[in-house]
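Analysis of the macromolecular model
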Amino acid sequence: MDNKDKTIIRVGLGTCGISAGANDVYDAFKEAIAGTNLTLEYTSCNGMCFREPIVDIILKDRIISLSNVSCGEVPRLINEILNNKIIDSEDNDFLVMQNRIVLENCGHINPDKIDDYLAKEGYQALKKILLDILPEQVISEVKSSGLRGRGGAGFPTGLKWELARNSKSNEKYVICNADEGDPGAFMDRAVIEGDPHRVLEGLAISGYAIGAKYGYVYVRAEYPLAVKRIKQAIEDAQNRNLLGNNILGLGFNFFIKVKEGAGAFVCGEETALIASIEGKRGMPTLKPPYPAESGLWGYPTNINNVETLAAIPWIIRHGADKYANFGAEKSKGTKVFSLAGQISKGGLVEVEIGMSLRKIIYEIGAGTSSGKPVKAVQLGGPSGGCLPESMLDTPVDYESLLAKGAIMGSGGIVVMDVDTCMVDIARYFLAFTQKESCGKCTFCRLGTKRMLEILERITLGEGRESDVESLIDLASKIGASSLCQLGKTAPNPVLSTLKYFKDEYIEHIVNKKCRARSCKGLINYKITNKCIGCHLCTKACPAKAINGEIKEKHQIIPDLCIKCGICESVCKFEAIYHE
Amino acid sequence: MQKSAEFYVNEYGVDEAKTIPILQAIQADYGYLPIKLMQEVCEKSNIHYNRMYGVATFYSQFNLTPKGKNIIRFCAGTACHVKGAEKLIIAVSEELKIRVNETTSNGLFSLETVACLGCCSLAPVMMINDKVYGKMTIAKVKEILMDYKQHHGQ
Amino acid sequence: MSKATINGITNDFVDGISILEAAKSLGIEIPTLCHIENLEAFGSCGICVVEIKNQNKVVPACATKLLEGMDIETHNDSILSTRKMLLELLFSDHLGDCVPPCSLKGCPANINIQGFLDLESKGKYNEAAALIREKAPLPNILGRICPKPCEKVCLRNRVDEPVMIGVQKRYIAEKEWSSGGPFFPHRAKSSHKRVAIIGAGPAGITAAYYLSLNGHSVVIYEKQAKLGGMMRFGIPKYRLPEDVIDTELNAIVDKLNIDVSYNVEVGKDIDVEEIISKFDAVVFSHGSQLSNKMNVDGEHHEKVIKAVDFLYKLAINIDVNLGKDVVIIGGGHTAMDAARSAARLGSNVTLMYRRSEKEMPAKDEIKEAKDEGVVFEFLVAPERIKRKGGKLYLHCIRMILGEPDESGRRKPIPNSNSRFVLEVDNIISAVGQFTDNSWLPSSWLSEKGHLQVNPSTYQIQNSSGHNNIFAMGDAVTGPDLVVTAVAAGRKVAASVNQLFLGSAVTGEEPVYASTCGELNDLPQEMFSKAKKIARANIPLIDKDIRLTSFNQIEESLNEEEFREESLRCLKCGCVAQNDCKLREYGYNYKADTKKFAGEKRKYEKDFSHLDIKLEIDKCISCGSCVRVCESIKKYYIFGYINRGFTSKIKPEFNRRLIDTKCDACGKCCEVCPTAGVWKHG
């Protein structure tokens, strides 16, 4: 490259970086490099969200990585770069235990430059199969790689392709499911924002394998940057004849369209996603028939998750065996996890399947952000479950997690410390699924509502002795008889918390106590003698529930207090606590 | 510029599959989905009334009434919940004197929650219009809102 | 063909059919709500779930193809409890009264009030009377003396005043009588079974009526010389004239061939054992005539009279000489009857009650009694009675109300600084009655001497292996309303009939119904469209005549006035009450309609269209109307809106139905399992 000798400043502009202020940092550098020989570039998220904004300085011989860069620092940093005094703040512990396949380019290339991707062997896998691998061979390669669906269910990808390939039809479709709806999971967003061509290449390979001419990328509406970058990538790929008619002159026609979701969690469910592309409400239909037989507009359709497709080019390039070397017995390869919640180093982690939760949380994530003990880990979002600290040695693979009452899901790992109430977490998820229920089947529409009402009254301190039994009864029947996976799995957060934290439920119901001191109905805020009467809390209290003359100790009026905790968080003297 | 039903049908097509893109375009142009316009689109396309309205009320992106000039969306994802997003929502509610899904009387702000924005490591997260703000605290939120009141009022 | 097993029956089935169709071919009915013949399966309702045993799966039968080797169970315990919960969930979001509250919660006999008012408004008096008699054979008597608990729960209370219900029964009966009635249904063919009934009060007569209609031969043993029990000997004639009792009751015993042995006291004139041995079933309904004591010193004086005795004497026209000043003690209907009767005999009457007006059981008559000169002393209790000269001195104490007691009424507590003395000529005590069971086998009785009966079947417990001995009415409950005794009589007849048919004796099934909730909890919007229409007033006869005679005090209205009054009925009962799959399955699966009480859909009706009516609050979101309108009519009028719990099915763009192109084909009404959408007329 002609930039070889130049020093490049590369700012991470993923949504997470931008939310930490990376755009402003980028603009500040843009202004500051004027008149220097420095080049400014951007990339997307490298997964180290806890360090955002991240700025890499690419020198001739090495790369220096800077964390938590603020605009104010920019002139000083420019100075240090120009004077060769810049110091690396890279956090090696976070990366050293990872095996990056899907994320290999994230944070290293400019996602809006197709050449950056091509320089990293981009589209070589597509070219390779178009040159001399038959679709059946592609499928058998994917089968022997052991790759399983990364969206949650873990269905073997090769088998899924084979089913779609074997469906007889003139027309077939492939869809990339980028409707990443699990709260707490963001790997699909990061992959599309950081390496969109990899997803397109994977989708094109799947199209070739099953015999489809058209592909869709269904991206959720809440990801505007991902939409922008994938659209740009499609345009660039078409211009290079990597998509479109007669790709690379090798006779394969393949077109990709982007469909933007409009905000509905259930559209992550295959049949609902198809309904959404068809312009309908995202209401799931009964399976069978499966999309592989009758999907989009009634034609055989194959749907894969972003991460699944992003692994495909690597598998084709390096061979199935190499991929299958990674991972566990029944779960091959690597998996990207998003580490969030009360964790010191939150971000994206790509590790071999089968690594223990403890390793991921303590060795990569460096433990809780509060320093307090881990109470539980939530895996798999609203369809998943909460595992207690005592289960942290569980290897993260599909079967082990399922056996413990959680699921791999899309890979969200939310860490919770002892200040999190497990009943409240169950309530939170039920509130989520209830709101997202499409309303079609009775058990999901009404059953989850009644479960939510029971959980709400428990967290308000109005629980009844029979509530635990009612929850279990509802959960088992909703789980068995709902129409789609959203409904079938909706009770999981309740079942897993009941399994491991039943005593917390009982405490709420019988002793009217929340040990995490988080359920509003069961706590009280108090002001201690440390109060100097500064009035900060009085001004902040939304309920006007704090009384007191300036410079005198204040009082909380219990009847007015809505227990929002704002007073405690604004007090600068630690004079307010709750119990 | 507010466009006619004809425009949307010509631009996006007449099939039911175009329902969501058409509604997204109308929402982007108008800030909401005017009932009459939706009905006119139906009349000029193959989209049925019941389907159009069903879609418009199904997806959380769409709204049938106008919103404020600035839309504040608090992430209601798991990580944000665990990190106390609820307190922030109460604080903003109080600051703006509106509840979630309401608009201030001067039309400046609407307050909403949104399913995970995917910035979990920066929880709690807030989005104003298209801009995402991470690691929010009550003080930071108030500061940002003040800035909007001063600079994004007109 | 595919070989598969359903409920243990292995069979060859046509390829490609659903489990639902396969089961049907074996005569196994699987319930469905959203299933529509000839339309693609939808699977929204979930009621048709079945278990595929060998796949360990629960699937919707309508939408699952039967495949080779499946081992299916359609009605095992887990499936039944799943369906039950599903129905309970549907009820939790179904806002509607199957049966109107007047009939369900108000009337102890569950008389079809909405139905008879409707017939009455159309001038179909004989049909109306027949409808009342399905539940209660004494329309004329009840129309005069019932304290009308139905009117207290009438939804019109929330609009203006309740519909006048009680009196209309009397009017309907009078119209029927004037055209040759009372008319009864035909008796069934003789069963050759014989029943003895002890006591010809309202419970006994009612049981006799229904048993006789069912073809059984009935003998009533009555201690008195006439029919009616407390209706005749306890209720004063100004409320219930003798000729009405005679006509209504004589018609029953005469036309239905009921044998009555008058002046026979069982236990004295004939042994209980003898009766038991002679009949296939025996029903005890001997009433509750013994008076409670006041438990105050001096109550045994001859000028202290028991209300029951006083009223009995008046009933059989024996003169009672009361003094000038009379105090009645008690707050029930017997006390009220005694007070108003005493007023008619010319005394100055004071009614003394230890609680407040609000707690008084007979408060419905206070106004009329006051008009007749009765003075009320609330929150006063007697302490002792002394006699000096020809006078009685009643020592009283005032009470204050404390916490509610076990009856739910606030308990009166004496206020020791408030004693006072009244000088009177007579005191009539009306502080409750109890039943004389001394002549019955002691093993039937509780320690306190009460008859113990099974609350559903009314069979006497501990009757040494007999399943054919029943008891009911005041004899079991203590003094209660006539309509309650009538209800019990009918229910006992149902039990006896079951016994005679050789089926399990389970008693009459209680009415199964979904309800909107208690009167005062109902949302105001339910009533916002109801027009206020003044309630009719039944004129009373002149006060002068009232105070000097025992003439019937209520006059009547003319036909038009009654018709207008009956049209005030809001018709709260559901149009689909006899044609609702939700109610039918709910009953079959014993679903508790209130199991998941929580947030419910809002009251919402669209009656804009002349022919097709929408009750969105009764919709169970099965989607049948949406699908049938789209696929059969290609009209696309109904659609799903919103999401989650707030999702609903409504006409396009939330329009009124009249503003859509609905042409009233009625297909949607045919497939709606409830009254979500129905065709008028």
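Small disclaimer: the values here were computed from a predicted structure and weren't measured.

This brings us to the overall build of chain A. Helix and strand counts for chain A stand at 23 helices and 18 strands. Its C-alpha atoms give chain A a radius of gyration of 26 Å, near enough to 25 Å, the size a compact globule of 579 residues would have. With the principal axes as the frame, chain A shows a C-alpha extent of 80 × 65 × 40 Å. Taken across its 579 residues, chain A has 64% of its residues classed as buried. Summarising the internal contacts of chain A: among those between residues at least 6 apart in sequence, 71% fall at separations of at least 24. Summed over all atoms, the accessible surface of chain A reaches about 21,000 Å², with 50% contributed by carbon and sulfur. Across chain A, the mean location of the 70 positive side-chain charges is 3 Å away from that of the 70 negative side-chain charges.

So, about the interface of chain B and chain A. Contacts between chain B and chain A engage 45 residues on the former and 68 residues on the latter. Buried area between chain B and chain A, summed over both chains or domains, comes out near 3,900 Å², and the portion from carbon and sulfur atoms is 58%. A salt bridge links Lys520(A) to Glu86(B); the shortest N-O distance between them is 3.0 Å. Linking chain B with chain A are 21 residue pairs in polar contact (both at pLDDT 80 or more), by the criterion used here.

With that out of the way, let us pick up the sheet that holds strand β4 (residues 126–128) of chain B. Residue and element names in this part refer to chain B. Strand order across the open sheet formed by 5 strands is β2-β3-β1-β4-β5, with mixed pairing between neighbours. Of all strands in the sheet, those bounded by a partner on one side alone are β2 (102–103) and β5 (131–133). Direction of pairing for strand β1 (residues 70–75) relative to strand β3 (residues 109–114): parallel, over a ladder of 6 bridges. If you follow Asn70 over to β3, its bridge partner there is Phe109.

Our next topic: the interface of chain C and chain A. With 29 residues of chain C at the interface, the matching set in chain A holds 27 residues. Across the interface of chain C and chain A, roughly 2,400 Å² is buried in total on both sides, 58% from carbon and sulfur atoms. Together, Met85(C), Leu89(C) and Arg643(C) form the three largest contributors to the area buried by chain C at its contact with chain A, with a combined 26%. The tally of links from chain C across to chain A stands at 2 salt bridges. We note a salt bridge from Lys449(A) to Glu599(C), for which the minimum N-O separation is 2.7 Å. The interface formed by chain C and chain A includes 16 residue pairs in polar contact (both at pLDDT 80 or more).

Charged atoms that come close allow side chains of opposite charge to pair. All names here are of chain C. Taken as a whole, this structure holds 89 salt bridges over all chains when the rule is applied. Across the pair Arg568 and Glu565 runs a salt bridge, and its minimum N-O distance is 2.8 Å. Classification of Arg568 as buried rests on a relative accessible area of 1%. Overlapping salt bridges, with partners in common, bring together Arg239, Asp337, Arg340, Arg344, Glu365, Glu368, Glu372 and Arg546 in one network.

The next subject is the sheet that holds strand β8 (residues 252–260) of chain A. Either a parallel or an antiparallel arrangement is found when strands of a sheet pair, and the pairing is made through backbone hydrogen bonds. Residues and elements named next belong to chain A. Sheet architecture is open: 5 strands sit in the order β7-β8-β6-β5-β9, paired in mixed fashion. The sheet terminates laterally at β7 (244–247) and β9 (301–305), the two strands that pair on one side only. Across the sheet, the mean angle separating the axes of adjacent strands is 25° when strand polarity is ignored. As paired strands, β7 and β8 are joined by 2 bridges and run antiparallel to one another.

All names here are of chain A. On the surface, a cluster of nonpolar side chains totalling about 230 Å² of accessible area is made up of Leu131, Leu248 and Leu250. With respect to the element layout, Leu250 can be found in the loop between β7 and β8. A relative accessible area of 30% means that Leu250 is categorised as partly exposed.

What follows deals with the nonpolar core. One recurring pattern in soluble globular proteins: nonpolar side chains tend to sit buried together. Core analysis: the biggest nonpolar cluster contains 92 residues, and Ile175(A), Tyr59(B), Ile19(C) and Phe638(C) have the highest contact counts within it. When residues of this core are assigned to domains, at least three map to each of domain 2 (114–324) and domain 4 (422–511) of chain A. Beyond its immediate sequence surroundings of up to four residues, Ile175(A) is in contact with Leu203(A), Tyr216(A), Tyr218(A), Leu273(A), Ile274(A), Ile277(A), Leu296(A), Thr301(A), Asn302(A), Ile303(A) and Asn304(A).

Bringing the packing of aromatic side chains into the picture now. Within the structure shown, the criterion is met by 33 aromatic pairs over all chains. Centroid distance Tyr59(B) to Phe62(B): 6.3 Å. Interplanar angle 85°. Geometry classified as edge-to-face. Each member of the pair, Tyr59(B) as well as Phe62(B), is classed as buried. Between the aromatic rings of Phe91(C) and Tyr512(C), the centroid separation amounts to 6.1 Å while the plane-to-plane angle is 70°, which identifies the pairing as edge-to-face. With a gap of 421 residues between them, Phe91(C) in helix α2 (residues 77–92) and Tyr512(C) in the loop between α17 (482–501) and α18 (543–548) connect regions that are remote in the sequence. Residue Phe91(C) is classed as buried on the basis of its relative accessible area of 1%. Accessibility expressed as a relative area gives 16% for Tyr512(C), which makes it buried. Every member of this aromatic cluster is reached through a ring pair, and the members are Tyr173(A), Tyr214(A), Tyr216(A), Phe255(A), Trp297(A) and Tyr299(A). One residue, Lys440(A), lies across the ring of Phe42(C), its end atom 4.1 Å from the ring centre. Seen from the ring of Phe645(C), Lys449(A) lies directly overhead, with NZ or CZ sitting 4.6 Å from the centre.

So, about helix α1 (residues 5–12) of chain B. Residue and element names in this part refer to chain B. Inspection of α1 places Ala5, Tyr8 and Val9 among the buried residues, and these make up the whole buried set. Projected down its long axis, α1 shows its buried positions confined to an angular sector of 95°, all on one face. Across α1 from its buried face, at more than 90 degrees, point the exposed residues Asn10 and Glu11. Tucked into the core, α1 has its buried residues touching α2 (19–30) and α3 (35–44). Where α1 ends, the next residue or the one after it, Gly13, has phi of about 115°, a positive value.

Before going further, it helps to examine the state of the cysteines. Within the structure shown, the criterion is met by 0 disulfides over all chains. Cys519(A) takes part in no disulfide bond, and the closest cysteine sulfur to it belongs to Cys421(A), at a distance of 3.6 Å. In this structure Cys580(C) is a free cysteine whose sulfur lies 6.1 Å from that of Cys98(C), the closest cysteine sulfur available. The exposure class assigned to Cys580(C) is buried, which follows from its relative accessible area of 12%.

Residues and elements named next belong to chain A. Domain assignment breaks chain A into domain 1 (3–90), domain 2 (114–324), domain 3 (334–417), domain 4 (422–511) and domain 5 (524–578). Taking only C-alpha atoms into account, the centre of domain 2 sits 34 Å from that of domain 4. At the interface, 12 residues of domain 2 touch 10 residues of domain 4. For the pair domain 2 and domain 4, the summed buried area comes to about 940 Å², and 76% of that belongs to carbon and sulfur atoms. On the domain 2 side of the interface with domain 4, the three residues burying the most area are Pro183, Phe265 and Pro284, jointly 47% of the side's total. There are 0 salt bridges connecting domain 2 and domain 4.

The rules we used
Counting of residues starts from 1 at the beginning of each chain's written sequence and follows it residue by residue. As they are written, the chains are lettered A onward and the ligands numbered 1 onward, keeping that order. Restriction of local features to residues with pLDDT of at least 70 applies here, the model being predicted, together with a cutoff of 80 or more for giving and counting side-chain atom pairs; totals for whole chains, interfaces and linings are based on all residues. For the side-chain quantities, the full set of heavy atoms in the structure was used; hydrogens and water were omitted. Here a strand is any run of E in DSSP of at least two residues, a helix any run of H or I of at least four, and the numbering for each starts at the N terminus. Atoms considered for the radius of gyration are the C-alpha atoms alone. The globule rule reads 2.2 Å times the number of residues to the power 0.38. Summary of the burial criterion: residues with accessible area below 20% of their type's maximum are buried, those above 50% are exposed, and those between are partly exposed, where the area comes from a 1.4 Å probe applied to protein chains only. Whether two residues are in contact is decided by their heavy atoms: any pair within 4.5 Å suffices. For every accessible area listed, the method is Shrake-Rupley and the probe measures 1.4 Å; residues are considered covered only by the protein chains on display. The sign given to each residue is positive for Lys and Arg and negative for Asp and Glu; His and the chain ends receive no count. Charge positions are represented by NZ for Lys, CZ for Arg, CG for Asp and CD for Glu. Buried area is a sum: the accessible area each of two parts loses on coming together, probed at 1.4 Å, counted once for each and added. What makes a salt bridge here is a side-chain nitrogen of Lys or Arg within 4 Å of a carboxyl oxygen of Asp or Glu, nothing more. Distance and chemistry together define a polar contact, namely a pair of N or O atoms within 3.5 Å, with one atom able to donate a hydrogen and the other to accept it when in protein, and with adjacent residues in sequence counting only for side-chain atoms on both sides. A pair of strands counts as paired when DSSP detects no fewer than two bridges linking them. Only the contacting stretch of a helix is used when fitting its axis, a line to C-alpha atoms as for every element, and angles between N-to-C directions run 0 to 180 degrees. In this analysis, a patch consists of residues with relative accessible area above 30% that form no salt bridge, clustered at 9 Å for like charges and at 5 Å for the nonpolar side chains Val, Leu, Ile, Met, Phe, Trp and Tyr. Among buried residues, those of type Ala, Val, Leu, Ile, Met, Phe, Trp, Tyr and Cys that are joined through side-chain atoms within 4.5 Å constitute a nonpolar core. Segment limits for the domains were obtained from an automatic or database-derived domain assignment. Ring pairs are drawn from Phe, Tyr and Trp, using the six-membered ring of Trp, whenever the two centres fall within 6.5 Å, and their geometry is named by plane angle: stacked under 30 degrees, edge-to-face over 60, tilted for the rest. A ring is scored as having a charge over it whenever the NZ atom of a lysine or the CZ atom of an arginine sits within 6 Å of its centre and within 35 degrees of its normal. In this context, the arc is that of the directions from the helix axis out to the C-beta atoms. Two cysteine sulfur atoms make up a disulfide if the distance between them is within 2.5 Å.

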